[in-house]
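If you want the building blocks of each chain, they are given just below.
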Amino acid sequence: VPALDPAFLALPLREAAATGLTAGAEAGASHVDVRVQRLRGQDLSMRDGRLESLHDGVSAGLAVRVVVDGTWGFASSSVVTVEEAARLARQAADVARTARPLNADPVELADEPVHRDQTWLSAYDIDPFEVEPSQKTALLGEWSRRLLGSPDVSHVDVSLEQVLEQTFYADSAGTATTQQRVRMQPRVLATRVDPSGSFESMRTTAPPVGRGWEYLTGTGWDWDDELDQLPERLAEKARARSVEPGRYDLVLDPTNLWLTIHESVGHATELDRALGYEAAYAGTSFATLDRLGTLRYGSPVMHVTGDRTTPHGLSTVGFDHEGVAAQEWDLVRDGVLVGYQLDRRMARQNAQVLGGGRSNGCAYADSHAHVPLQRMPNVSLQPAAGGPSTQELIAGVERGIYVVGDKSWSIDMQRYNFQFTGQRFYEIRAGRLAGQLKDVAYQASTPEFWGSLDAVGGPSTYLLGGAFNCGKGQPGQIAPVSHGCPVALFRDVSVLNTAQEGGR
Amino acid sequence: MSADVVERALALSRADGCVVVAGETGRVDLRWAGNSLTTDGAARDLSVVVISVVDGAVGVRSASSADDLEDLVRASEAAARAGSPAQDAGPLVEGPAAADFGEPAPAVSIDVLDRFARELGASLSGARSDGLRLYGYASHTVSTTWLGSSTGLRLRHSAPTGYVELTAKDDSPGGSSWAGTSTRDWTDVDVPALDAELRRRLSWGRRRVDLPAGRYETLLPPSAVADLMVSTYWHMAGRDAAEGRSPFSRPGGRTRVGERLGPPGLALRGDPHDPELATTPFAVATSSSSMSSVFDNGLPLAATDWVADGQLAALVETRATAHERAVPVTPYVHNLSLDGGGTASTDEMVACTERGLLLTCLWYIREVDPQTLLLTGLTRDGVFLVEEGEVVAAVNNFRFNDSPVDLLGRVTEVGRAERTLPREMSDYFTWVRMPTLRVPDFHMSSVSQAS
């Protein structure tokens, strides 16, 4: 059973917090929170079966956030000591005073019950940092050689990112939480170089997850099956016919759909974007606050939830970085926008429109060095109880494409116009798969696309996908997040030929 | 962190070879939206990376504290002992001790933004009274690196990097404009001038026309060109090209070096000593990839032409990849300039445009096809219709699908190169100098209704 890392507990967590909270109050702050965050990371990459790099690092630090005269102030440092906590509290108050003349909206925070001395650990079996690197390179090297043994594979790139994250949070209301979670992202890319000079590649579709080393040895994914099939699938893709552009029905596998959900629903229901806080950087959202409860986001079968509670979810926590307990709520129900992702300030500021006044716990900072922002919970499309299998959905399509795996993605500043590609595209003719196509991209505008959602699959097709590196904010922050979804059928979607798009 | 940490770690090392990279970064920042502050901060970050080499195998360990330095060194050695020889194994770089090695990191204070914050405050209140909304971010970072090796290297580099981005929106449909600039010390940041430029561009939106997707003669301004060229640069690993899996590959394990990519006279270049774009003048690599090698740490960097006189002149080569394929060593340099000898400003290029589009910047640029380096992305914060030498209206945004490599070959005019900020890459790649490019047939794949 996993336990809290003693190296984290050895830091002066409570002492630094107590000092920071006191020093902040003495510097005139009406609210103070202190966060100690520690990230243990190990990144491993192999190229054609040989180790390319293995970087093993620890980064830890202390952050103090204050509200002085209605304005945020924030200061952080890599030094985790009682003295530094006092210095940072004073520095944060100085920053707040420098910024005060620019601030027109006094900061007020939504109420949250005090959570005294809470501890939370994510669900995993084997701490990946307890596994010898030689054991990892042996396994990944064996995977590489297995693929390189095929005449259809010229190169194999394997990467493995592993993170152990710990957070201690304490605020002036009395909440104190200690948390630890683990995440893994293994990826295998096979490339086939044709003597003519062209090349084609295919990546595994295994998602990043909040699991330990057991994820690479059979828990949660069938690696042997996926690796065994990769060379033949790659060869078929290289030989495949280039798609004829036009409109097709799309059956999107969860390994592809998760990213479309992330971009077109996940980001669009971030309230800070809807309010314009990201207008100069990550962008805004068409799903503005005045349309809450009325915006027809998609067809009636669309039910999307936000949560920070799903086991093995990458955004799953016990408490957020403002001391708010993890929860689950609806974002889109029966195809209508019904909720947003919130932090404590926005929840309070917009309490009336939101019909609440409590945060749903989406504050997250990716390290001690950064201020918490409203970041994405696990945003998931719910399956239909008793819904169809993938085969049954395909059977209902006359002319379509079944898309598996994610690859290229891009979406506009208001989350309307998007373009996605994938790893594999199977032509559907008269309800049956008819081999792979290549050069496929689908393009749509979000409300039109979700409006074309004809059916979602049953619970047996549901898969938790996700990303390690969702970007937002300035200074830039990354966040890990999962997206569960069933297979789903979208009617009459625009498909492009990427070779023709490039003028060829 | 300090030079002392490097010395102590090197003294503890029992490996065949050892490189220690210590870093200290100080940052202060302000962020605002809808004419009011949203976040701010001051951060001081420390790091120490120990790279041990034992029998050609590498072990890398890093930490944000030097408190357990001996543990860090031993862990790095243990990782090297457990490993097998690295693909890029070779001798460590030898070299002298620099005179400034012992100097500490300069302190960073929010005070550096004082004057800027006052000027910004005036702009925010001006925007409030004129019905405009301002959004943006200002960041000032000082990064100091100390690099030492068991082969005698003692190098230090410290440099400030500041930048500001401003977005202005008005109530006209789609009305949005953007301006950004990099700076070393904030004395050259003229907020009233940036404000005036934003208002000038917003005023172009008083008339608005909707245009469909298609191929358009397009003026890509310096910021847009910067994002496209940085994306291209990041695909310029010589090893990937020789392995047949890059846009710069030729059949049979060869690369496209020597091929024409753009018009005669065009140069794409990195130069750590460029006075306007100065960056770290020696290689720093805490992990190896097709673009970098930990064995190259401390290698002096020099001016490198990636494209010279319109021809692909070099790809990024570490000492290991260069040796393997008998090509010159041309390590990655962290700045980029594109210059075709042009002298026309963007306004002058507008003045001699019969009909075309003028862009402001690009956004959400992603690779679609690695073979051709087909990229997709969006136009952002101002697309303008130019007719008979004048901006006549604002146009809807577009999604583009085009390849920057292809596009260099289609360029019909190269403007005057100027220091700019890549809108999308600014936080990773700040120091660039780019011209406006005229492309006769930039491919707008579909309309985006976003503003």
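Please refer to the structure higher up on the page.
Analysis parameters
Residues numbered from 1 in each chain as written. Chains lettered and ligands numbered in written order. Predicted model: local features only at pLDDT ≥ 70, side-chain atom pairs only at ≥ 80, totals over all residues. Heavy atoms only, no water. Helix = DSSP H or I, 4+ residues; strand = E, 2+ residues; numbered from the N terminus. Rg over C-alpha atoms; globule rule 2.2 N^0.38 Å. Contact = heavy atoms within 4.5 Å. Lys, Arg positive; Asp, Glu negative; His and termini not counted. Charge placed at Lys NZ, Arg CZ, Asp CG, Glu CD. Buried area = accessible area lost by both parts, 1.4 Å probe. Salt bridge = Lys/Arg side-chain N within 4 Å of Asp/Glu carboxyl O. Polar contact = N/O pair within 3.5 Å; in protein donor to acceptor, adjacent residues only side chain to side chain. Buried < 20%, exposed > 50% of the residue type's maximum accessible area, 1.4 Å probe, protein only. Pairing = 2+ DSSP bridges. Phe/Tyr/Trp six-rings, centres within 6.5 Å; stacked < 30°, edge-to-face > 60°. Axes fitted to C-alpha atoms, helices over the stretch in contact; angles between N-to-C directions. Core = buried A, V, L, I, M, F, W, Y, C linked by side-chain atoms within 4.5 Å. Parallel < 35°, antiparallel > 145°, perpendicular 65-115°, else oblique. Left-handed = near helix turned anticlockwise from the far one by under 90°. Nonpolar A, V, L, I, M, F, W, Y, C, P; charged D, E, K, R; others polar. Arc of directions from axis to C-beta. 1 Å grid on protein atoms, 1.4 Å probe; cavity = no way out; pocket = protein on both sides within 12 Å on 5 of 7 lines; lining within 4 Å. Points joined across faces, edges and corners; volume = space filled by probe spheres on them.

1. Here's the deal with the overall build of chain A
Within chain A one finds 12 helices and 23 strands. Since a compact globule built from 504 residues should have a radius of gyration of about 23 Å, the 24 Å found for chain A is in line with a globular shape. With the principal axes as the frame, chain A shows a C-alpha extent of 70 × 55 × 45 Å. The contacts of chain A with a sequence gap of at least 6 include a subset with a gap of at least 24, amounting to 74%. Charge centroids of chain A, computed over 46 positive and 63 negative side chains, lie 2 Å from each other.

2. Observations regarding the interface of chain B and chain A
At the junction of the two partners, chain B supplies 81 residues and chain A supplies 83 residues. Between chain B and chain A, a total of about 6900 Å² is buried, with carbon and sulfur atoms accounting for 48% of that surface. Viewed at the interface, chain A and chain B are joined by five salt bridges. When the shortest N-O distance is used, the salt bridge between Asp56 of chain A and Arg61 of chain B registers 3.6 Å. Counting across the interface, chain B meets chain A through 50 residue pairs in polar contact (both at pLDDT 80 or more). Per element, the largest residue contribution to the side of chain B that touches chain A is 12 residues, and it comes from strand E2 (residues 36–54) of chain B.

3. Observations concerning unusual backbone geometry
Residue and element names in this part refer to chain A. Residue Pro475 is reached from Gln474 by a cis peptide bond, and omega for that bond is -5 degrees. Within the element layout of this structure, Pro475 appears in the loop between strand E21 (463–472) and strand E22 (477–485). Phi is positive for Asp117, which is not a glycine, with a value near 50 degrees. Assignment of secondary structure puts Asp117 in the loop between helix H3 (82–99) and strand E4 (118–121). With a relative accessible area of 53%, Asp117 lands in the exposed category. The phi dihedral of Arg415 is positive, around 65 degrees, even though this residue is not glycine.

4. A word on the pairing of strand E2 (residues 50–68) of chain A
Here E2 of chain A lies mainly inside the structure; 15 of its 19 residues are buried. Of the pairings in the sheet, the one linking strand E1 (residues 29–47) of chain A to E2 of chain A comprises 18 bridges and is antiparallel in character. Bridging across to E2 of chain A, Arg35 of chain A finds its partner in Ala63 of chain A. The loop that links E1 of chain A with its antiparallel partner E2 of chain A comprises two residues; one of these, Asp48 of chain A, has a positive phi angle of about 50 degrees. As paired strands, E2 of chain A and strand E3 (residues 57–63) of chain B are joined by three bridges and run parallel to one another. Note on E3 of chain B: the bridge partner recorded for Gly57 of chain A is Ser62 of chain B. The pairing of E2 of chain A with strand E3 (residues 71–77) of chain A spans seven bridges and is classified as antiparallel. Paired with Val67 of chain A across the bridge in E3 of chain A is Trp72 of chain A. Two successive antiparallel strands, E2 of chain A and E3 of chain A, enclose a turn made up of two residues, where Asp69 of chain A displays a positive phi of approximately 50 degrees.

5. Side note on the packing of aromatic side chains
Residue and element names in this part refer to chain A. By the definition in use, this model includes 24 aromatic pairs over all chains. Seen from their ring centres, Tyr442 and Phe449 are 6.1 Å apart, and the 15 degrees between their planes marks the pair as stacked. Tyr442 gets classed as buried once you look at its relative accessible area, which sits at 1%. Residue classification places Phe449 among the buried residues on the basis of a relative accessible area of 1%.

6. Some details on the sheet that holds strand E15 (residues 378–381) of chain A
Residues and elements named next belong to chain A. With antiparallel pairing, four strands are arranged side by side in an open sheet as E12-E11-E10-E15. Each edge of the open sheet carries a strand with a single partner, namely strand E12 (336–337) and E15. With two bridges joining them, strand E11 (residues 328–333) and E12 adopt antiparallel strand pairing. Pairing of Val332 across the sheet is with Leu337, part of E12. Against the sheet, helix H6 (residues 254–266) engages strand E10 (304–307), E11 and E15, with an angle of about 115 degrees to E15.

7. Concerning the nonpolar core
In summary, soluble globular proteins display a tendency toward joint burial of nonpolar side chains. Residue and element names in this part refer to chain B. Leu220, Met229, Leu336 and Leu357 are the most contacted members of the largest nonpolar core, which has 72 residues in total. Looking at which element gives the most residues to this core, the answer is helix H5 (residues 222–233), with seven residues. Ignoring sequence-local partners within four residues, the contact set of Met229 consists of Leu268, Leu336, Leu338, Pro404, Leu408 and Met434.

8. A short note on the packing of helix H2 (residues 13–26) of chain A against H3 of chain A
Between two packed helices, both the angle of their axes relative to each other and the distance between the axes serve to describe the pair. Residue and element names in this part refer to chain A. One can describe the packing of H2 onto H3 by two numbers: an axis separation of 8 Å at closest approach and a directional angle of 25 degrees. The angle between H2 and H3 places the two elements in the roughly parallel class. In the packing of H2 onto H3, the handedness of the crossing is right-handed. Between H2 and H3, the residues in contact are Glu15, Ala16, Thr19, Gly20, Ala23 and Gly24 and Val82, Ala85, Ala86 and Ala89, respectively. A breakdown of the residues in the contact of H2 with H3 according to their chemical character gives six nonpolar, three polar and one charged.

9. Re the pairing of E3 of chain B
Residues and elements named next belong to chain B. With respect to burial, E3 is a largely interior element, six of its seven residues being buried. Here E2 pairs with E3 via seven bridges, running antiparallel. By the bridge assignment for E3, Ser52 is matched with Gly59. Hairpin connection between E2 and E3: a loop of two residues separates the two successive antiparallel strands, and Asp55 in this loop has a positive phi of roughly 50 degrees.

10. Brief notes about helix H1 (residues 3–12) of chain B
Residues and elements named next belong to chain B. Within H1, the full set of buried residues consists of Ala3, Val5, Val6, Ala9 and Leu10. Viewed end-on, H1 has its buried residues packed into an arc of 160 degrees, placing them on one side of the element. At its buried positions, H1 is contacted by strand E1 (17–33), E2, helix H2 (69–82), strand E4 (133–149) and strand E5 (154–169).

11. Focus: empty space enclosed by the protein
Applying the stated criterion across every chain yields a total of eight cavities of 30 Å³ or more. When its volume is computed, the second largest cavity comes out at roughly 220 Å³. Forming the walls of the second largest cavity are 16 residues, and the residues nearest its centre are Tyr277, Asp343 and Leu373 of chain A together with Thr38 and Thr39 of chain B. Contributions of two or more residues to the lining of the second largest cavity are made by helix H8 (344–349) and strand E14 (373–374) of chain A together with E2 of chain B. Taken together, the residues of the lining of the second largest cavity break down into six nonpolar, three polar and seven charged.

12. Section: the pattern of salt bridges
Under the counting rule described, the total for this entry stands at 71 salt bridges over all chains. Asp69 of chain A is the partner of Arg100 of chain A in a salt bridge, and the nearest nitrogen-oxygen pair spans 3.1 Å. One end of the pair, Arg100 of chain A, is in the loop between H3 and E4; the other, Asp69 of chain A, is in the loop between E2 and E3, with 31 residues separating them in the sequence. Residue classification places Asp69 of chain A among the exposed positions, given a relative accessible area of 56%. One salt-bridge network, in which partners are shared between bridges, spans Arg47, Glu52 and Asp157 of chain A together with Arg239, Asp240, Glu243 and Arg245 of chain B.

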